[in-house]
Amino acid sequence: EAGGAVLGKSAEKLFSLSGLFAVYKPKGPTSAGVLNLLKERLLAEAGVQTNGNKRSQILKIGHGGTLDSAAAGVLVVGIGKGTKMLRTMLAGSKKYTAIGLLGKATDTLDATGNVTEEKPYDQITKGDLENVLQKFTGEIMQVPPLYSALKKDGERLSTLMKRGEAVEAKPARPVRVYSLSLQQFQPPLFTLDVECGGGFYVRSLVSDIGKELSTCATMQELTRTKQGPFTLEEHALYEDKWTIDEIARSLEHCMSILPGEPSHKKLKTEHPGETAVSCE
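All figures in this text were calculated on a predicted structure; none of them were measured in a lab.

Definitions and cut-offs
Residues numbered from 1 in each chain as written. Predicted model: local features only at pLDDT ≥ 70, side-chain atom pairs only at ≥ 80, totals over all residues. Heavy atoms only, no water. Helix = DSSP H or I, 4+ residues; strand = E, 2+ residues; numbered from the N terminus. Buried < 20%, exposed > 50% of the residue type's maximum accessible area, 1.4 Å probe, protein only. Contact = heavy atoms within 4.5 Å. Areas by Shrake-Rupley, 256 points an atom, 1.4 Å probe, with all protein chains shown as cover. pLDDT = per-residue confidence, 0-100. Core = buried A, V, L, I, M, F, W, Y, C linked by side-chain atoms within 4.5 Å. Axes fitted to C-alpha atoms, helices over the stretch in contact; angles between N-to-C directions. Parallel < 35°, antiparallel > 145°, perpendicular 65-115°, else oblique. Left-handed = near helix turned anticlockwise from the far one by under 90°. Phe/Tyr/Trp six-rings, centres within 6.5 Å; stacked < 30°, edge-to-face > 60°. UniProt positions renumbered as here; feature names shortened; annotations may be inferred. Expected span 1.5 Å × (residues − 1). Arc of directions from axis to C-beta.

**Remarks on the overall build of the protein**
Per the secondary structure count, the protein includes nine helices and 16 strands. Split into buried and exposed, the 280 residues of the protein put 45% on the buried side. For the protein, the share of sequence-separated contacts (at least 6 apart) that also reach a separation of at least 24 residues comes to 69%. Of the roughly 14500 Å² that the protein leaves accessible, carbon and sulfur atoms contribute 49%.

Listed below in structure tokens is the structure:
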């Protein structure tokens, strides 16, 4: 595929990589931006010349669930035939640690937005907060934020909002919260640990908790600590480890922790000794 050129050893190794692994996304860049940087790094290391737009076809790579720019943490990446397995990641469970701020609301529901409301919060106790959390556990209805990656007529709602177009709120939809706990309470700040299913917005949760407490709240910080079986502590590769060899090693480790069933087709790699599980 690389223009019929004879591939060097490292390029050959790069194009034989297949499966899922995880990287650390820092605060700031978009998830797509992180992926592009990763792709550029790998192609440069492999010595593959990329002219303009061709590079996207050369290396198949994708991620299994957007993290907002302001958020950090685990981003699951699929490479080669692993890109077909990303769907299961979107639907799977995720864990987050979020810091909320009482008494302020913003239009984006997080710290990047403009303040739209301020209310007193000093009457709220740790007990009040803990009691409210029970209402947000299990299967709950949630309205997704207006500033989000959800699309209308093929364009992101956040893009439309920034252009000043009127955007209707999406209807509430059922989402699942497996666990929710208060880790710290230092008014106006509170820290939550939440494990949730697909399509869940933590900033909507923080905002809804504020309303339920008769004040308002906005999310200050968000870290995804787990996605599917991949954890921030154990599996997320930091930028200094974005090399072909490190990713090959990580793929071997990560593919071994995926729940495999005998019925899953094995992915063929260049090396007969190595197999990876495909969840098609």
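Back to the write-up after that little detour.
**Focus on unusual backbone geometry**
Pro-187 connects to Pro-188 through a cis peptide bond whose omega is 5°. Located in the positive-phi region is Leu-109, a residue other than glycine, with phi close to 70°. Mapped onto the fold, Leu-109 is located in the loop between β5 (104–106) and β6 (115–118). One non-glycine residue, Ser-214, adopts positive backbone phi at about 60°.

**So, the side chain of Thr-231**
Mapped onto the elements of the fold, Thr-231 is located in strand β13 (residues 230–231). Contact partners of Thr-231, with chain neighbours within four places excluded, come to Val-74, Thr-225, Lys-226 and Ala-236.

**Section: the confidence of the model for the protein**
Considering every residue of the protein, the mean pLDDT works out to 88; 88% of them sit at 70 or more. Segment residues 261–280: pLDDT under 50, and 33 contacts once partners within four positions in sequence are set aside and those in other chains are kept.

**Side note on the environment of Pro-120**
Looking at the element boundaries, Pro-120 is found in the loop between β6 and α5 (126–133). Since its relative accessible area comes to 57%, Pro-120 is described here as exposed. Each C-alpha atom, one on Pro-120 and one on Ser-214, is 9.2 Å from the other, the two residues being 94 residues apart in sequence.

**Considerations on the nonpolar core**
Membership of the largest hydrophobic core comes to 37 residues, with the highest contact counts inside it found for Leu-14, Leu-20, Phe-21, Val-23, Leu-38 and Phe-230. When residues of this core are traced back to their parent elements, those giving at least two are α1 (9–16), β1 (19–25), α2 (31–45), β3 (72–79), α4 (86–91), β14 (236–237) and α9 (244–257). At six residues, the largest contribution of residues to this core is made by α9. In contact with Leu-14, not counting residues within four places along its chain, are Leu-42, Leu-43, Ala-46, Leu-59, Ile-79 and Ile-244.

**Remarks on the packing of α1 against α9**
Packing of α1 against α9 leaves a shortest axis separation of 10 Å and a crossing angle of 30°. The angle between α1 and α9 places the two elements in the roughly parallel class. Our pair here, α1 against α9, has a crossing hand that is left-handed. In this structure, α1 uses Ser-10, Lys-13 and Leu-14 to contact α9, whose residues at the interface are Ile-244, Asp-245 and Ala-248.

**Describing the packing of aromatic side chains**
Applying the stated criterion across every chain, the model contains one aromatic pair. Centroid distance Tyr-24 to Tyr-238: 4.5 Å. Interplanar angle 20°. Geometry classified as stacked. Within this pair, whereas Tyr-24 is found in strand β1, its partner Tyr-238 is found in the loop between β14 and α9, the two being separated by 214 residues in sequence. Classification of Tyr-24 as partly exposed rests on a relative accessible area of 22%.

**Examining the UniProt feature "domain: tRNA pseudouridylate synthase B C-terminal" (unreviewed entry) in the protein**
Here, UniProt's "domain: tRNA pseudouridylate synthase B C-terminal" (unreviewed entry) annotation points to residues 203–236. Across residues 203–236 one finds 41% helix and 41% strand; the C-alpha atoms that close the span lie 23 Å apart.

**Topic: α2**
Across its 15 residues, α2 extends 21 Å between first and last C-alpha, which sits within 8% of the 21 Å expected from 1.5 Å per residue. Within α2 the residues assigned to the buried category are Ser-31, Val-34, Leu-35, Leu-38, Lys-39, Leu-42 and Leu-43. Projected down its long axis, α2 carries its buried residues within an arc of 160°, all on one side. Phi turns positive one or two residues past the end of α2, at Gly-47, with a value near 70°.

**A look at the side chain of Ser-204**
Mapped onto the secondary structure, Ser-204 falls in helix α7 (residues 202–212). By relative accessible area, which is 2% here, Ser-204 ends up buried. Setting aside anything within four residues of it in sequence, one finds Ser-204 in contact with Leu-109, Gln-142, Val-143, Pro-144 and Pro-145.

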